[in-house]
Amino acid sequence: MQYDPFAIRERYEQIADLEDKAEKEGSFRVLIPRYFIKKYITRDDIVLDAAGGTGINAIIMALSCKSVTLVDLAPGILDRARTNIALKGLTDKIRVVEGDITDLAAFCDATFSFIVCVGAALSYVLDLRERAIQELLRVAKIGATIIVQIQSKCGMIASKIRKGLIKEAFEIHKNKPFTDGMGVRSHLYTVGEIANLLRKLGCQILETATSPVFAHTTDNSNIYRKNDEELKLLETLEYGYCAKQELLGQGHHIVVVAREM
Ligand SMILES: C[S@@+](CC[C@H](N)C(=O)[O-])C[C@H]1O[C@@H](n2cnc3c(N)ncnc32)[C@H](O)[C@@H]1O
């Protein structure tokens, strides 16, 4: 399947408000990468938030590092990011740039010490996924921390089976073209595939996690009905189990923390 940036841009222009809401509400699809971001980011980091969306991760990171550059390809998403960033008074610390992760020519080699590409952009770039990772690594300094999140083949198979959609599950198994819940064509990875790709391109894998572990991927309603105490307990369970070897790949998404060597 060939990557089509126009289709992605058009889709994210249509769902920009929904995307903004999802980033602000923070399901465990969103919270688990943030857990690893907070674990690894340092005060000295110069951060690239690739496919950064409406800027909520950029805002969180800007409070703990030197500077953030947010790149995204959808102008409507970038407008919302600029508004969110301005409302937090962080325009001096976060640069917002329109761009595509498959071509980061706007940035010199070895610019960033901390690179985040979470959400599903590395699944959406389809046949250009290796090139996109090469671009992220080209702009990374030696020793940079890289945090990526992609969609999980096993997680999607499990999700279809739970809904009784066995034929659809089998089509995913057979690598038939897949369209995700946002209506975007997507490449689904196994844990081994993303780990091998990152290693082949010169990274050391530090941690791998599933997101979410037990909670629903995008539907937060069950979480918001809980009281604060229950939400804290749920967070402890999700963060405590997300990196367990035996569970990797079972959520809709996979998170990998790697080091550029
Ligand atoms: C699911 S959102 C994730 C946003 C944010 N990173 C997060 O995790 O909350 C995916 C974002 O990736 C952007 N995107 C998708 N493909 C991209 C590409 N090739 N280059 C840059 N941005 C891309 C979309 O416009 C959208 O804002």
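Preceding this section is the structure that the text describes.
Residues numbered from 1 in each chain as written. Predicted model: local features only at pLDDT ≥ 70, side-chain atom pairs only at ≥ 80, totals over all residues.

## Some points on the site of the ligand
Okay, step 1: In the region of the ligand, 24 residues are neighbours, and Y12, A51, G53, A74 and G119 sit closest.
Okay, step 2: Among the elements that take part in the shell around the ligand, helix α1 (residues 5-14) stands out by supplying three residues, more than any other.
Okay, step 3: The residue makeup of the shell around the ligand, split by class, is 15 nonpolar, five polar and four charged. (Near = placed C-beta within 6 Å. Helix = DSSP H or I, 4+ residues; strand = E, 2+ residues; numbered from the N terminus. Nonpolar A, V, L, I, M, F, W, Y, C, P; charged D, E, K, R; others polar.)

## Digging into the pairing of strand β9 (residues 253-260)
Okay, step 1: Among the eight residues that make up β9, seven are buried, leaving the element largely enclosed by the rest of the structure.
Okay, step 2: Bridge count for strand β5 (residues 140-151) against β9 is seven bridges, and the pairing is antiparallel. Looking across to β9, one finds that I146 is bridged to A258.
Okay, step 3: Looking at chain direction, strand β8 (residues 203-211) and β9 are connected through eight bridges and run antiparallel. When the bridges of β9 are listed, T210 appears paired with I254. (Buried ≥ 20, exposed ≤ 12 C-beta atoms within 10 Å, placed from the backbone. Pairing = 2+ DSSP bridges.)

## Looking at the sheet that holds strand β3 (residues 94-98)
The pairing of strands in a sheet happens through backbone hydrogen bonds and is either parallel or antiparallel.
Okay, step 1: Spatially, seven strands are ordered β3-β2-β1-β4-β5-β9-β8 in an open sheet, and the strand pairing comes out mixed. Here the strands that pair on one side only, and so sit at the sheet edges, are β3 and β8. The average undirected angle you get between the axes of adjacent strands in this sheet is 15°.
Okay, step 2: The pairing of strand β1 (residues 46-50) with strand β4 (residues 112-117) spans three bridges and is classified as parallel. Bridging from a neighbouring strand, V47 pairs with F114 of β4.
Okay, step 3: Running at roughly 145° to β8, helix α3 (residues 28-40) makes contact with β4, β5, β8 and β9 of the sheet.
Okay, step 4: Most of the contacts of helix α5 (residues 75-87) go to β3, to which it runs at about 170°, and overall it touches β2 (67-72) and β3. (Axes fitted to C-alpha atoms, helices over the stretch in contact; angles between N-to-C directions. Contact = placed C-beta atoms within 7 Å.)

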